[in-house]
Amino acid sequence: MCGIVGIITSEKRNLVPEIISSLKNLEYRGYDSTGIAIINTGEIRRVHRLGAPSDVFVPQQISEELGVTSDGLSVAIGHNRWATHGKPSEENAHPHFDCTDTLAIVHNGTILNHELLRKELIALGHTFSSTTDTEVIPHLIEQKIKEGSSVKDAFLDTAACLDGSFGLALISSNEPDRLLLAKHGSPLLFGVLKDTLIAASSSNAILAYTNTFITLADGEYADLSIGSGNVSYKIGTIQDRENLITKETTTITDHSREDMSMGEYESFMKKEIHEQPSVFRTTILGRYDETTGDAVLGGLIDYEDMLRHARQVITVACGTAHNAALVGGILIETLANLPVRNEIASEFRYKKVPISPEEAILFAVSQSGETADTLESVKEARRKGYTTFGIVNVVGSAIAEAVDAGVYARAGFEIGVASTKAFIAQLAIFYLLAIKLARERGMTPQEGQSILNELNKIPNLMIKTLETTESEIKRLAENYASKGIRTINFLGRGIHVPICIEASLKFKELTYLETGSYPLGELKHGPIAIIDNNALSIIIMPHDDLFALNKNSLEQVLSKGGNVIVVTDELGAQNLVLQDIEVIIIPTLKNQLLYPALEILPLQLFAYHYARALGNNVDKPRNLAKSVTVE
Ligand code: F6R
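Residues numbered from 1 in each chain as written. Predicted model: local features only at pLDDT ≥ 70, side-chain atom pairs only at ≥ 80, totals over all residues. Heavy atoms only, no water.

Under an unreviewed UniProt entry, the chain has the name Glutamine--fructose-6-phosphate aminotransferase [isomerizing] and belongs to Candidatus Nomurabacteria bacterium GW2011_GWC2_42_20. Turning to the chain, the UniProt record has this under Catalytic activity (unreviewed entry): "D-fructose 6-phosphate + L-glutamine = D-glucosamine 6-phosphate + L-glutamate". (UniProt positions renumbered as here; feature names shortened; annotations may be inferred.)

In structure tokens, the structure reads:
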């Protein structure tokens, strides 16, 4: 949610194209409005616009608008917004200024005490030009400078007054060779080059320039400056600013750069759907031992005893990550006979969970590792005495840092706003986790080996599933989209129910149509009322133990005149009367619990092609943001 960038260089040049290109790489974090500020001939100048940088920023035109001359620039900052306080508009787009137009700030996060601060600042004579929470920040800095503080102290004293979350970058025309950063709760790092320091909310924004970064922790600031023709930086904490900190740089591998490019694909989402076989393979790689039939999760190694004696598992997550946890819950209960409670993070934090922290282990699941609801749930759980584990994709993210231990998801950068490959990575970890918990609770080595053996084959079967289903699913999606079908339900039983929920979420996000997902047996208790020849039911029913029961329910839908697509396996297809239904066939598996990893693929593709047929932007669906850092 919102992305910031900032550049400072001792080699003066036009920084506008670099800021724009970095902002484009951050569009997944927010794309309703955008802006840039620079210091040019001693003055702060800004452009801000409604829309995403890809749509509204042409480097040459913006450089001209900002009056960039051949002398070049030393500092610039930029922002992509996902509106939380104040509607998307040019006035509300960052960077925000103070009353004297000498300070410009970009902010990622939410300021909870902004109303009070705004009131106090207005009483002191400040005038505001936006309705954002952010605008209190430059005015508060201005006020502190007026009262005698240096720019740096005013910035850090202001940061200390803010309640909420922030990643901040500040420039001042009175100190044109400086870029100040501060972080609390929102991610912030900077890349280190010989003559340039480049800050951003995420490393993928600036990978084109450097893969060596310093990541700021909560409560830290960085003072980036130019002196004697060189750039340098100092890092300290907002509370104890004189004691400087030495931080290690992190180097990101080349693999991450590939994630930033669409390659031969028409969209990031399509690319990420097709990356899932390799993501699954990478996520399980080296994390199991076929000789013992056990999973080997290095991140949990110090907690073996706790895993062995836990009497309950709690998962906390949101959206797609929660849906992965729902699959995980069924896996753990079925394989390890261990009760699981799947909690939606935004609810968990505020509710009473009658499970003693000594008996339970808690897993927080998150792609971004930034989701405020999940992060706050972890903090609350720790306060209550739970040991918390993470299943997180982004290394070093807030949730990864907040938990006691965890297992990384290894999906790589996920750029498409609707999550696909992170879901598959989370599923892969839940398979391993369920095996691990089960092996400690009576699963034999042979049983463990048998599942691991088939798990190992899943990536190739995923490739086969994508290859054999895509053209048919595309045809069906385009056909139903053109028919104007607008009532779509995803139905299944058992472990397929969470996949229905996830398929429905994906479909909703991309098509903007209202969809439902129900356990198939529930249909007759109400939802069947909406079935007629304008409704489409997608039923997930591979040939498993519940196949006969599912066939009955399928008949009920057909008898009401509904359109039906059945997702089944080769064996299931042989046992169905294919009249009046469309069928998508996935490979047959020995272990029924592994079907989710295959059956989600055609359903992601269905949502994708339906949305494209409606003309929607699949990488950036309306109203959504990739990291939801507000509660
Ligand atoms: C759906 C989607 C969201 C996220 C949710 C949690 O496609 O992307 O539902 O899954 O906002 O995000 P993370 O996993 O980053 O905590």
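More follows now that the structure is in view.
## What to know about the UniProt feature "domain: SIS" (unreviewed entry) in the chain
Sites flagged by UniProt as "domain: SIS" (unreviewed entry) map to residues 303-443 and 476-621. Helix makes up 45% of residues 303-443 and strand 20%, with an end-to-end C-alpha separation of 20 Å. Secondary structure across residues 476-621 comprises 41% helix and 20% strand; the distance between its end C-alpha atoms is 21 Å. (Helix = DSSP H or I, 4+ residues; strand = E, 2+ residues; numbered from the N terminus.)

## Here we look at the site of the ligand
The environment of the ligand is made up of 13 residues, and the closest members are Ser366, Gln367, Ser368, Thr371 and Lys506. At 2.6 Å, a side-chain N or O of Ser368 approaches an oxygen atom of the ligand. One of the side-chain N or O atoms of Glu509 is found 2.8 Å from an oxygen atom in the ligand. Look at the ligand: alone it shows 400 Å² of surface, and the protein chains cover 90% of it. Of all the elements in the fold, those that place two or more residues in the shell around the ligand are α11 (319-336) and α17 (496-511). Take the shell around the ligand: its biggest share by element is three residues, from α11. When grouped by side-chain class, the residues that make up the shell around the ligand number four nonpolar, seven polar and two charged. (Near = heavy atom within 4 Å. Polar contact = N/O pair within 3.5 Å; in protein donor to acceptor, adjacent residues only side chain to side chain. Areas by Shrake-Rupley, 256 points an atom, 1.4 Å probe, with all protein chains shown as cover. Nonpolar A, V, L, I, M, F, W, Y, C, P; charged D, E, K, R; others polar.)

## With respect to the layout of surface pockets
If you add up the space inside the second largest pocket, you get close to 540 Å³. Lining the second largest pocket are 23 residues; nearest its centre among them are Cys318, Gly319, Thr320, Glu509 and Val628. For the lining of the second largest pocket, the secondary structure elements donating two or more residues are α11, β19 (360-366), α13 (372-383) and α17. With four residues, α17 is the single largest residue contributor to the lining of the second largest pocket. Residue composition of the lining of the second largest pocket, by class: eight nonpolar, nine polar and six charged. Counting contributing residues, the lining of the second largest pocket receives three or more from each of domain 2 (254-456) and domain 3 (463-619). (1 Å grid on protein atoms, 1.4 Å probe; cavity = no way out; pocket = protein on both sides within 12 Å on 5 of 7 lines; lining within 4 Å. Points joined across faces, edges and corners; volume = space filled by probe spheres on them. Domains from an automatic or database assignment.)

## So, the packing of α17 against helix α20 (residues 596-613)
The geometry of α17 relative to α20 is characterised by a closest axis approach of 9 Å and an angle of 20 degrees between their N-to-C directions. One way to sum up the angle between α17 and α20 is to call them roughly parallel. The two elements α17 and α20 cross, and the hand of that crossing is right-handed. The segment α17 lies against α20, with His496, Ile499, Glu502, Ala503, Lys506, Phe507, Leu510 and Thr511 engaging Pro596, Glu599, Ile600, Leu603, Phe606, Ala607, Tyr608, Tyr610 and Ala611. Among the residues making up the contact of α17 with α20, the classes are represented as 12 nonpolar, two polar and three charged. (Axes fitted to C-alpha atoms, helices over the stretch in contact; angles between N-to-C directions. Parallel < 35°, antiparallel > 145°, perpendicular 65-115°, else oblique. Left-handed = near helix turned anticlockwise from the far one by under 90°. Contact = heavy atoms within 4.5 Å.)

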